Amino acid sequence: MPDQKKATRYGLATVAMWSTVATAFKLSLAHLSPLQLLLYASLSSCLVLAATLAVQGHLGGLARLSRAQWRRSFALGALNPFLYYTILFAAYDLLPAQEAQPLNYTWAITLSLLAVPLLGQKLWGRDLLALVVSYSGVVVIATHGDIAGMRFASPSGVILALASTVIWALYWIAGTRDDRDPVVGLLANFLCSLPLTLLAVLCFSDPFPGSLAGLGGAAYVGVFEMGLAFVTWLTALKCAANAARVANLIFLSPFLSLVLIHVFVGEEILPSTLVGLVLILVGLAVQRRKS
């Protein structure tokens, strides 16, 4: 039965977890390479997702997946978590957290653009307005407000952050026809991505990080960002009598995240970051109003 109060509680719990991850990314990357962070976060996520399914009595769903579904898991796992988080963590390694975090929120705009050629959807005037407003916010953040000079503080970091939104949007589009239980499917994707991640670590990094603090950060990212947040968000949407009211809670996350970045990472939040973030969220709000 729908229970809006329960849905709101789960939604707020998800927002609380999402609000901490930019800080966790940045603090963990002070001790680990992006690939090391991905490997140990993925392992932690697999454990917490398996435990969740065991508690729900659905762990046997993995054994019932067909060969075609496992092949799909390998393809989806290559997109997320492997490519998506490899690129996203690399962006956080190059950019201040206050810049990488808002840029990542433009994935919904990227999704609407890719849905035109890949899903045959139309691009409406409101979509174009949302695109212009949101990406003007990207420019404000990336140039630290020096729009006239167009001098980007870290062009490579900005490109990687925006590229991660393309991978995330492709992952969601590819998953539109996925008929598996969402948590079972996510665990299968993560399990299939582990060999790719391990191979990348062996080739380009070190599988034996010497920092317990880094491993603790990776475990936090895996448990909350890649694991529990997905489960609580699904639960919130299932319980909601009005899913839009729950979905609107995501607009709280970036501002809470900036507070945590300032307190725990020690970054001085620039006025250009706040202006750019507001523009990005206004663009997203315009797009959501169309929906």
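Everything in this summary refers to the structure shown in the same document. (Residues numbered from 1 in each chain as written. Predicted model: local features only at pLDDT ≥ 70, side-chain atom pairs only at ≥ 80, totals over all residues. Heavy atoms only, no water.)

Side note on the overall build of the protein
Summing up its helical and strand segments, the protein has twelve helices and zero strands in all. Each helix and strand of the protein, ordered N terminal to C terminal, gives the series α-α-α-α-α-α-α-α-α-α-α-α. Its C-alpha atoms give the protein a radius of gyration of 19 Å, within 12% of the compact-globule value 19 Å for 291 residues. The principal-axis extent of the C-alpha atoms belonging to the protein is close to 55 × 50 × 40 Å. Looking at the protein residue by residue over its 291 residues, the buried ones come to 49%. By sequence separation, contacts in the protein at least 24 residues apart represent 86% of the contacts at least 6 residues apart. (Helix = DSSP H or I, 4+ residues; strand = E, 2+ residues; numbered from the N terminus. Rg over C-alpha atoms; globule rule 2.2 N^0.38 Å. Buried < 20%, exposed > 50% of the residue type's maximum accessible area, 1.4 Å probe, protein only. Contact = heavy atoms within 4.5 Å.)

As for unusual backbone geometry
Of note, the amide linkage connecting Asn80 to Pro81 takes the cis form, showing an omega dihedral of 20°. Here Pro81 lies in helix H3 (residues 67-94). The phi dihedral of His144 is positive, around 55°, even though this residue is not glycine. Structurally, His144 can be placed in the loop between helix H6 (125-142) and helix H7 (155-174). Exposure remark for His144: the relative accessible area of 38% places this residue in the partly exposed category.

Notes on the packing of helix H5 (residues 107-119) against H6
Look at H5 against H6: their axes get within 10 Å of each other, and the N-to-C directions meet at 140°. By the angle between their axes, H5 is oblique relative to H6. Like other packed secondary-structure pairs, H5 and H6 cross with a definite hand, here left-handed. Side by side, H5 and H6 meet where Ile109, Thr110, Ser112 and Leu113 of the first sit next to Asp127, Ala130, Leu131, Ser134 and Tyr135 of the second. Across the contact of H5 with H6, the residue classes tally to five nonpolar, three polar and one charged. (Axes fitted to C-alpha atoms, helices over the stretch in contact; angles between N-to-C directions. Parallel < 35°, antiparallel > 145°, perpendicular 65-115°, else oblique. Left-handed = near helix turned anticlockwise from the far one by under 90°. Nonpolar A, V, L, I, M, F, W, Y, C, P; charged D, E, K, R; others polar.)

A few points about helix H8 (residues 182-204)
Helix length check: H8 (23 residues) gives 32 Å between terminal C-alpha atoms against 33 Å at 1.5 Å per residue, within 8%. Of all the bends in H8, the largest measures some 30° and sits at Leu194, one to four residues before the proline Pro195. Measuring from the backbone nitrogen of Val183 back to the side-chain oxygen at the start of H8 gives 3.0 Å, which picks out Asp181 as the cap. (Expected span 1.5 Å × (residues − 1). Bend = angle between axes of the 7 residues up to and from the residue. Polar contact = N/O pair within 3.5 Å; in protein donor to acceptor, adjacent residues only side chain to side chain.)

Describing the packing of H3 against helix H4 (residues 97-104)
Contact geometry for H3 and H4: axes closest at 9 Å, N-to-C directions at 145°. Residues Tyr84, Leu88 and Tyr92 of H3 form the contact with H4, whose own contacting residues are Ala97, Ala100, Gln101 and Asn104. When grouped by side-chain class, the residues that make up the contact of H3 with H4 number five nonpolar, two polar and no charged.

Notes on a nonpolar patch on the surface
Among the surface-exposed residues, Leu27, Val259, Val263 and Phe264 lie close enough to one another that they form a single nonpolar patch of about 390 Å² accessible area. If you tally residues by element for the nonpolar patch, the top one is helix H11 (residues 253-265), at three residues. Relative to the assigned elements, Val263 resides in helix H11. With relative accessibility at 55%, the residue Val263 sits in the exposed group. (Patch = residues over 30% accessible without salt bridge, like charges linked within 9 Å, V, L, I, M, F, W, Y side chains within 5 Å. Areas by Shrake-Rupley, 256 points an atom, 1.4 Å probe, with all protein chains shown as cover. Salt bridge = Lys/Arg side-chain N within 4 Å of Asp/Glu carboxyl O.)

Description of the environment of Ala24
On the secondary structure map, Ala24 appears in helix H1 (residues 4-29). With relative accessibility at 10%, the residue Ala24 sits in the buried group. C-alpha separation for the pair Ala24 and Pro117, spaced 93 residues apart in sequence, amounts to 35 Å. In this view, Ala24 contacts Tyr220 and Val221; residues no more than four positions away in its chain are not counted.

Some thoughts on the nonpolar core
Grouped together as the largest cluster of nonpolar side chains are 65 residues, with contacts concentrated most on Phe25, Tyr85, Phe89, Tyr92, Val221, Met226 and Leu284. For this core, the element with the highest residue contribution is H3, accounting for ten residues. In contact with Phe25, not counting residues within four places along its chain, are Leu37, Tyr85, Leu88, Phe89, Tyr92, Val221 and Glu225. Among the nonpolar cores identified, the runner-up in size contains six residues, and Ala7, Trp233, Ala240 and Val246 belong to it. (Core = buried A, V, L, I, M, F, W, Y, C linked by side-chain atoms within 4.5 Å.)

Structural notes on the environment of Leu228
Tracing the sequence through the fold places Leu228 in helix H9 (residues 212-239). Measuring from C-alpha to C-alpha, the distance between Leu228 and Leu270 comes to 31 Å, with 42 residues separating the pair along the chain. Beyond its immediate chain neighbours, meaning those up to four positions away, Leu228 contacts Met17, Val48, Thr52 and Val223.

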